[in-house]
Amino acid sequence: TIRPKVLLIGDSHVERYYRVVAEKLGDKVSCSKFTTSKSLGDPVLIKQLESVLMICNFDVISFNNGLHGADYPIEDYSKYVPVVYEMLKKYAGKSVVLVNSTAIREKDNISKLAKRNQQIVERNEFLFDFAEANNIPLVDFYSETANNLDYYSSDGIHFNDGGVKVEAELITRKIKEILELNP
């Protein structure tokens, strides 16, 4: 039996939730990941993605990129979203899933949002509008996690095991929906 292939692309959040997603999908799906610290806005990301995607086609590609690249303004970020989406679409037989970014909180004071969180909000708004305008599935990490301080580690960026579990559940649910697998 040929199993559907899923690729999770993103940053350190993907690195953390990949294992949990792969376990939740089990042997029904072949799950892979590509993680990078490169950001939308950085032309190197395009080259990295090209080199990964040329190896294999996938049924579902999940793309989560927005926390890195603080020096790229929304204009640069927004220019690259359609470019990357079109590239991913060529290699995703069923669907590309866009995933927005989690909130950024102050290091060692996670009760406060970091100043840079405004950039994350802008990026997420653009991604939401782009996904809606193009009928692309979107997993909304921000709304699901931003106000739950229990998910954050003390660095204000990364999630603890409880937060990782929530991210993995949201991604897994969307993938199973697209692949029409039992929940």
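To start, this report covers the structure provided alongside it. None of the values given here were measured: they were computed from a predicted structure.

**Re the nonpolar core**
And step 1. Ranked by internal contacts, the top residues of the largest apolar core, which has 34 residues, are Val6, Leu8, Tyr17, Val21, Ile171 and Ile175.
And step 2. Taken together, the elements giving at least two residues each to this core come down to strand S1 (5-10), helix H1 (12-25), strand S4 (92-99), helix H4 (117-133), helix H5 (141-145) and helix H6 (161-179).
And step 3. Looking at this core element by element, the count peaks at eight residues for H6.
And step 4. Beyond its immediate stretch of four places on either side in the chain, Ile171 contacts Leu8, Tyr17, Val21, Ser62, Val99, Val139 and Phe141.
And step 5. Judged by nonpolar contacts, the second largest core, of 26 residues, contains Leu7, Leu45, Val81 and Met87.

**Examining the side chain of Asn64**
And step 1. The residue Asn64 is located in strand S3 (residues 58-64) in this model.
And step 2. Looking at Asn64, its side chain comes within polar contact range of the side chain of Tyr17, at 3.3 Å.
And step 3. With sequence-adjacent residues up to four places away left out, Asn64 is seen in contact with Ile9, Gly10, Asp11, His13, Val14, Tyr17, Val99, Asn100, Ser101 and Phe141.

**Thoughts on the sheet that holds S3**
And step 1. Strand order across the open sheet formed by five strands is S2-S1-S3-S4-S7, with parallel pairing between neighbours. Taken across any chain shown, the strands that pair with only one partner, and hence form the sheet edges, are strand S2 (30-35) and strand S7 (138-139).
And step 2. In this structure, S1 lies alongside S3, joined through five bridges in parallel fashion. Opposite Ile9, over in S3, you have Phe63 as the bridge partner.
And step 3. In the packing of H1 onto the sheet, contacts are made with S1, S2 and S3, and the angle to S2 comes to roughly 180 degrees.
And step 4. Together, S1, S3 and S4 form the strand contacts of helix H3 (residues 74-91), whose direction differs from that of S4 by roughly 145 degrees.

**Notes on the pairing of S3**
And step 1. Among the seven residues that make up S3, six are buried, leaving the element largely enclosed by the rest of the structure.
And step 2. Note: S3 against S4, six bridges, orientation parallel. Paired with Asn64 across the bridge in S4 is Val99.
And step 3. On the question of chirality, the crossover connecting S3 to the parallel S4 by way of H3 is right-handed.

**Quick word on the packing of helix H2 (residues 43-53) against H3**
And step 1. At a minimum axis separation of 11 Å, H2 and H3 run at an interaxial angle of 5 degrees. Classified by the interaxial angle, the pair formed by H2 and H3 is roughly parallel. Between H2 and H3, the residues in contact are Pro43, Ile46, Leu49, Glu50 and Leu53 and Tyr80, Val83, Val84, Met87, Leu88 and Tyr91, respectively.

**Looking at the packing of aromatic side chains**
And step 1. By the definition in use, this model includes five aromatic pairs.
And step 2. Ring geometry for Tyr151 against Phe159: centres 6.1 Å apart, planes inclined by 45 degrees, an arrangement best described as tilted. Phe159 matches Tyr151 in its accessibility class, with the two residues each being buried.
And step 3. Taking relative accessible area as the criterion, Phe159 reaches 2% and is therefore assigned buried.
And step 4. Here a set of aromatic residues connected by ring pairs shows up, and it is made of Tyr85, Phe126 and Phe130.
And step 5. Its guanidinium or amino end placed over the ring of Tyr152, Arg105 lies 5.5 Å from that ring's centre, counting from NZ or CZ.

Rules and cut-offs
Residues numbered from 1 in each chain as written. Predicted model: local features only at pLDDT ≥ 70, side-chain atom pairs only at ≥ 80, totals over all residues. Heavy atoms only, no water. Core = buried A, V, L, I, M, F, W, Y, C linked by side-chain atoms within 4.5 Å. Buried < 20%, exposed > 50% of the residue type's maximum accessible area, 1.4 Å probe, protein only. Helix = DSSP H or I, 4+ residues; strand = E, 2+ residues; numbered from the N terminus. Contact = heavy atoms within 4.5 Å. Polar contact = N/O pair within 3.5 Å; in protein donor to acceptor, adjacent residues only side chain to side chain. Pairing = 2+ DSSP bridges. Axes fitted to C-alpha atoms, helices over the stretch in contact; angles between N-to-C directions. Right-handed = clockwise from strand over helix to strand, strands pointing away. Parallel < 35°, antiparallel > 145°, perpendicular 65-115°, else oblique. Phe/Tyr/Trp six-rings, centres within 6.5 Å; stacked < 30°, edge-to-face > 60°. Lys NZ or Arg CZ within 6 Å of the ring centre and 35° of its normal.

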